[in-house]
Structures are given as structure tokens and as C-alpha cells.
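Coordinates in review
Below, each chain spelled out in residue letters.
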Amino acid sequence: MSLEVNKYDFIIIGAGSSGATIANRLSENLNISVLLIEAGKKEHLFAQMPMSFGLFINKPGVNWRYSSEGEAGTFNRNIPIPRGKMTGGSSSINGMVYVRGQSLDYDTWAQHGNKGWGWQEVSKIFKKIENYKNSETGHRGNNGLLGISEVKDENLLYDALIRSAQSLGYPLNKDYNGPNQEGIARIQATISNGRRMSTDYCYLRPALKRPNLTLITKATTEKLIIDNKVCKGIIYKKSNKLHKVYCNNEVILSAGAIASPQILELSGIGNEDILNKYEIQVKHNLPAVGEHFQDHFMARLQWKLKLKKASYNYLGRGINKYNEIAKYILRKKGLFSMPAASIIAFLKTQNYLESPDIQIQYIPFSVGSLKKRIFHDFPGMAAACYQLRPNSMGSIHICSPDPYKHPSIKFNFLSHDLDKRVLINAVKIMRNIVEAKPMDLIRDFEHSPGASVSTDDEIEQYIRETAETGFHPSGTCRMGPGSNSVVNDELKIHGLNGIRVADASIFPTIPSGNTNAACIMVGEKVSELIKESINSGG
Ligand SMILES: Cc1cc2nc3c(=O)[nH]c(=O)nc-3n(C[C@H](O)[C@H](O)[C@H](O)COP(=O)(O)OP(=O)(O)OC[C@H]3O[C@@H](n4cnc5c(N)ncnc54)[C@H](O)[C@@H]3O)c2cc1C
């Protein structure tokens, strides 16, 4: 194995939601050279088709297919954790539900000592990102790189669900990304003209036309080159050959909330006890690396429906499936142009709360097994819910010095009593909406788990036995001023120079909703910080 050496001004590791965004923004300055290193291939051809999330959910080659350690609180299950492995990262395999989160989330980040990350500042960035034409208020952006549109299809299931929620006192909120998140609405999706709006498509491809941006795919970063508390570059492997790349300015680590702490630990940055255990030379003792791991714990229920047309199961089976594929190819319409869910609700489990504490997604189809995603042969619908701001935290740490061995991932879901109570209430509310009168003509009966699961204890057991990740790992290189954090509010690693982390791992607390938008915001924000530092000669 030989070592080839090269040099760039900036090196970005990972071409995902944050990394592709940064590659675009930094390369706007044609005077700087930018290298983007991605372990996966170029975005898969089928990624443009929104329904590809079902195809990619467990597909080797485009998905890292991590899984958690067995833990007593979740019946020792190894919970699958999909993560995108191609340009666009997880934005190329995700469910495309577009959620900014609540102002409270970002004001909490600022309150924790992170200057410049409060709602007033980050809402301007969200506005810059968005190309959303339906806004009736001045709160949304309509000129950004990321296309966003509402679920378009007409289905009486949607109207019935919204009326059901209203009959129980929950408000209709046309724009849950506006000033107030609370209420039920049609989903806003990162889909435009029937195409998935991944960061590969929206940010990376246009930037690759610039001469100063170099993308290297199928190249796994094995470690950072750290010399005397300064990051000088990286070592990556491509086609079984090791390469060394140095940077004049900085390395930006954007490998996602699982791989970013892994790469830091493999480079000797992390808790010295863990590094010593795997005989990795300690370059910088930073015990917060890999800690404070958060995710949304998502519980699912499914119903059999009375009306065939209210469910899209029949469209996804037999000959209809091929008709729908043809419809997608010819007109970018139909089942394969849809996001992972159609109706979304942000609700309060207690009236006295300041803002919603749960999210529910209603889905106009149902599947036999989550792994195989084969539509039921009867009309069905599904719903999924999670607590928006869970307190439970786990960890992600290496369990080998081998960069190709997946790290040990511990969720620690429902270890906090409040999380348990909120999620049980979320399941009850999700059910109550489907069981309400306006759904009588559509709903047949709850298929899974069904009537046998009704008491709090039974619901808790059902959740612990079956709930899965909401696909939002975050917080493992948390931003903050203190020793329980990894990066400061400029996303520079405490105690090191020449390296920033920018992806879902830096979230001080998990945002209230799906996390793609927040990752793109982080990419935009760090790019602004870097540009400021270049302009000030830093
Ligand atoms: C199945 C699924 C469904 C989801 N649904 C939604 C949704 O509907 N709405 C929403 O808002 N969010 C959703 N999310 C979450 C959202 O997509 C992620 O939070 C977001 O994409 C994470 O961005 P990131 O930049 O942190 O990491 P990623 O986008 O995962 O990017 C990390 C990149 O780094 C690369 N990489 C990793 N290790 C290395 C290495 N050693 N060397 C080089 N490159 C490396 C990876 O291949 C990847 O391309 C979903 C996620 C998944 C997986």
C-alpha cells in the first residue's frame, strides 16, 4: 500500500446533508481549493425517485446499515440504523419530511452558551435554504437551493384524519414551519417536480462545475493527521491504496453523528481510557466525544381500512406497481413520487406545555415487515410517533482500532421516566385520532398491535419490544462551552486547531422534528463562519 500526498486549502469529510452544503458554499470563493472526500459512490440513479427510501432502507452499497447494541430496555434487540452512503449522504435515502424544528430548540442551544445559534439567527439561514412557494407569511424562503413542496395527492383519508384531529381539539396548522409548529397539516417534503431534493442534487452538483472543488468518491477517511494539537490533513483509502492529503487551512469533519466521533477516536481524539483500550495513541483527551447521543424513538401502529382507495397498498402490489413505476418515469407522479408520510401533527401531550412535545406522522399505506417493505394485501394505513425532545442519552464509541468495523452504538432509549410517559401518551393520542368519528367510514380496525395492547403497561411493553429509531442520530460531538462538549460555537474542536465538526453530531440537543433541515442549516452556518474567518485574515 503506497501513500500519495496532495494539498488543498480545505478538506471536507463526508458529502452528506451538511458536507455537500459546505462544499457548495466554500467553493463559491474561487480563490480557495476544496476537497470533498466521500466513502460512498455518486448518488444512486434511483435516489431521484422519492419512494426509493423503501428500496434503500437496508440496501448494501448505498447504506451503512449500522445497528445498535442489544440493551435490556429494548429487549436486547439490535435496532437497525440506516445511514446514507453516497453523495448526498442520508439526504439521498431519507423520507424527505421537511421540518425546521421549534424556535425553542435553537434558543435552548443559544441558552447553553452557543452564541449565534438562537432562533433569530438560524431562522434567517433556514429562510436562505428554502425554495418553498406556498408560504402565506414572510417566514419562509422562496429563493433557496432546496426545493420544498406539500404532499399533492388528494385522498379522503387525509381530510378525515385532519377532521378527526380537529374534533379532538387539535388545530389545523397549514405551515408547521411557520411561526408556530403546533397542529396537524399536510407534510412539506424535500421534493420538487416529483424529484427528491437531496443535497447531492441541490448543492453538490451545481458546485462541481467550479474548477476549485474536487470530489473523490469511494474513499474512506481512516484518520486525521494530528500534529502538536493541530489537524494538518487526513489519511484516506481508495482502491486499497492509502492517500495522505494536507490542508492549508482546515479540515471539516461532516461524516454524520455515527462516523464523526468514530473518526475522531481513531485519530486519537476522545476519552483516553477508550483510546488506551484499543492501543490508539492519545493525541487529545476529550471525554465528551461519542457521548450525549440522542435519537427519536419511534413507535408505529397499523390499521386495516374499509375503503380500498384510501390506502395505497393496492398501488404497490402486482401489475399496479408496474403501472405506478411507468407513471413515475413518464410523468413524475403517483405512488413513487411520494414522501415517507403524508400527514404530520405536532401536538402537546399536556395542555400546560409551552409548545408541542410529540410528533405524529400518518402514512397512507402499510407494510408487512419494515425490513422488506412489502405492502399488505389489504387496504391499510400506518402511523408513527415520537417524543420531540427526549431526555434519554446513549453513546457511540469505537470497539476496535479497525476503521472498517462499525462502532458500538447504545441508545439507552426510555431510560428517563418522562420519556416513557410522553411516548405512551403519544401512542394513545395517535390512536385516538384514528379512532375518532370522522374516520368511521374509513377505518376498519387496528391491525397491529391491536386491541390486546391497551393499558399503559401493555403500551410500554409494546414500545420497548417494537419501536425503532426515528433515523435522527445526533449530539455525539456536541457543541457547547464546557467540558461536556466537543466543539465550540464556531464548531472548532476544543483544544485543537485546524479542525471543525459540522453535521448532526454537533446538535447540543436534538431538534423538535426530522433533522435534515437542521443539518443543512449547520452546513450553511459553518460556511458563513469560515468565510468570516477568511475575510478577517484568520
Ligand atoms: C432512512 C432515513 C430516513 C430519514 N428521514 C428523514 C426525513 O424524512 N426528514 C428529515 O428531515 N430527516 C430524515 N432523516 C435524517 C436526515 O436525513 C439526517 O439527519 C441527515 O441527512 C444527516 O446529515 P449529516 O450531514 O449529519 O450526515 P449524512 O447525511 O449521513 O452524511 C455523512 C456522509 O459522510 C460519509 N462518510 C461517513 N464516514 C466516512 C468516512 N470515513 N470517510 C468519508 N466519508 C464518510 C457518509 O457516507 C455520508 O455520505 C432520515 C435519515 C434516514 C437514514
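A tally of helices and strands in the chain yields 12 helices and 25 strands. For 538 residues, the compact-globule estimate of 2.2 N^0.38 gives 24 Å, and the chain sits close to it at 23 Å. The buried share among the 538 residues of the chain stands at 55%. Across the chain, every contact between residues at least 6 apart in sequence was considered, and the portion connecting residues at least 24 apart equals 70%.

This part takes up the site of the ligand. In the neighbourhood of the ligand, 44 residues make up the surrounding shell, with Gly14, Gly16, Gly89, Gly95 and Asn516 lying closest. Here the shell around the ligand gets 4 residues from one element, more than from any other, and that element is helix H7 (residues 256-266). Of the residues contributing to the shell around the ligand, the split by class is 20 nonpolar, 20 polar and 4 charged.

The 3 strands lie next to each other as E5-E6-E8, forming an open sheet whose pairing is mixed. Since the sheet does not close on itself, it has two edges, and those belong to strand E5 (130-132) and strand E8 (188-189), each with one partner. Relative to strand E6 (residues 146-150), E5 runs parallel, the two sharing 3 bridges. Note on E6: the bridge partner recorded for Asn131 is Gly147.

This part is about H7. With respect to burial, H7 is a largely interior element, 11 of its 11 residues being buried. Buried within H7 are the following residues: Gly256, Ala257, Ile258, Ala259, Ser260, Pro261, Gln262, Ile263, Leu264, Glu265 and Leu266. Downstream of H7 by a residue or two, Gly268 has a phi angle that is positive, lying close to 90 degrees.

By size, the foremost hydrophobic cluster in this structure holds 158 residues, and its most contacted members are Ile11, Ala23, Val251, Ala383 and Cys385. Per-domain counts for this core show at least three residues from each of domain 1 (1-42 + 196-293 + 473-538) and domain 2 (152-186 + 296-391 + 409-471). When sequence neighbours within four positions are dropped, the list of residues in contact with Ala23 reads Ile12, Ala15, Val34, Leu36, Leu204, Ala207 and Leu213.

Moving on to the domain arrangement of the chain. Interface size is often expressed as the accessible area that is lost when the parts come together. Domain boundaries in the chain define domain 1 (1-42 + 196-293 + 473-538) and domain 2 (152-186 + 296-391 + 409-471). The centre of domain 1, based on its C-alpha atoms, is set 35 Å off from the matching centre of domain 2. In this assembly, 5 residues from domain 1 lie in contact with 8 residues from domain 2. Classifying every residue of the side of domain 1 that touches domain 2 by side-chain character gives 2 nonpolar, 3 polar and no charged.

With that settled, consider the packing of helix H1 (residues 17-26) against helix H6 (residues 199-207). The N-to-C vectors of H1 and H6 enclose an angle of 30 degrees; their axes lie 8 Å apart at closest approach. Considered as vectors, H1 and H6 are oriented roughly parallel to each other. In the packing of H1 onto H6, the handedness of the crossing is left-handed. Between H1, through Ser17, Ala20, Thr21, Ala23 and Asn24, and H6, the contact on the second element is made entirely by Thr199, Asp200, Tyr203, Leu204, Pro206 and Ala207. When its residues are assigned to classes, the contact of H1 with H6 shows 6 nonpolar, 4 polar and 1 charged.

This paragraph deals with the pairing of strand E19 (residues 358-363). With 6 of 6 residues buried, E19 lies mostly within the body of the structure. Side-chain alternation along E19 places Ile358, Ile360 and Tyr362 on one buried face and Gln359, Gln361 and Ile363 on a second face that is also buried. Note that E19 and strand E20 (residues 380-387) share 6 bridges and pair antiparallel. Looking at the pairing, Gln359 lines up with Tyr386 of E20.

About the cut-offs
Residues numbered from 1 in each chain as written. Predicted model: local features only at pLDDT ≥ 70, side-chain atom pairs only at ≥ 80, totals over all residues. Helix = DSSP H or I, 4+ residues; strand = E, 2+ residues; numbered from the N terminus. Rg over C-alpha atoms; globule rule 2.2 N^0.38 Å. Buried ≥ 20, exposed ≤ 12 C-beta atoms within 10 Å, placed from the backbone. Contact = placed C-beta atoms within 7 Å. Near = placed C-beta within 6 Å. Nonpolar A, V, L, I, M, F, W, Y, C, P; charged D, E, K, R; others polar. Pairing = 2+ DSSP bridges. Core = buried A, V, L, I, M, F, W, Y, C linked by C-beta atoms within 7 Å. Domains from an automatic or database assignment. Axes fitted to C-alpha atoms, helices over the stretch in contact; angles between N-to-C directions. Parallel < 35°, antiparallel > 145°, perpendicular 65-115°, else oblique. Left-handed = near helix turned anticlockwise from the far one by under 90°.

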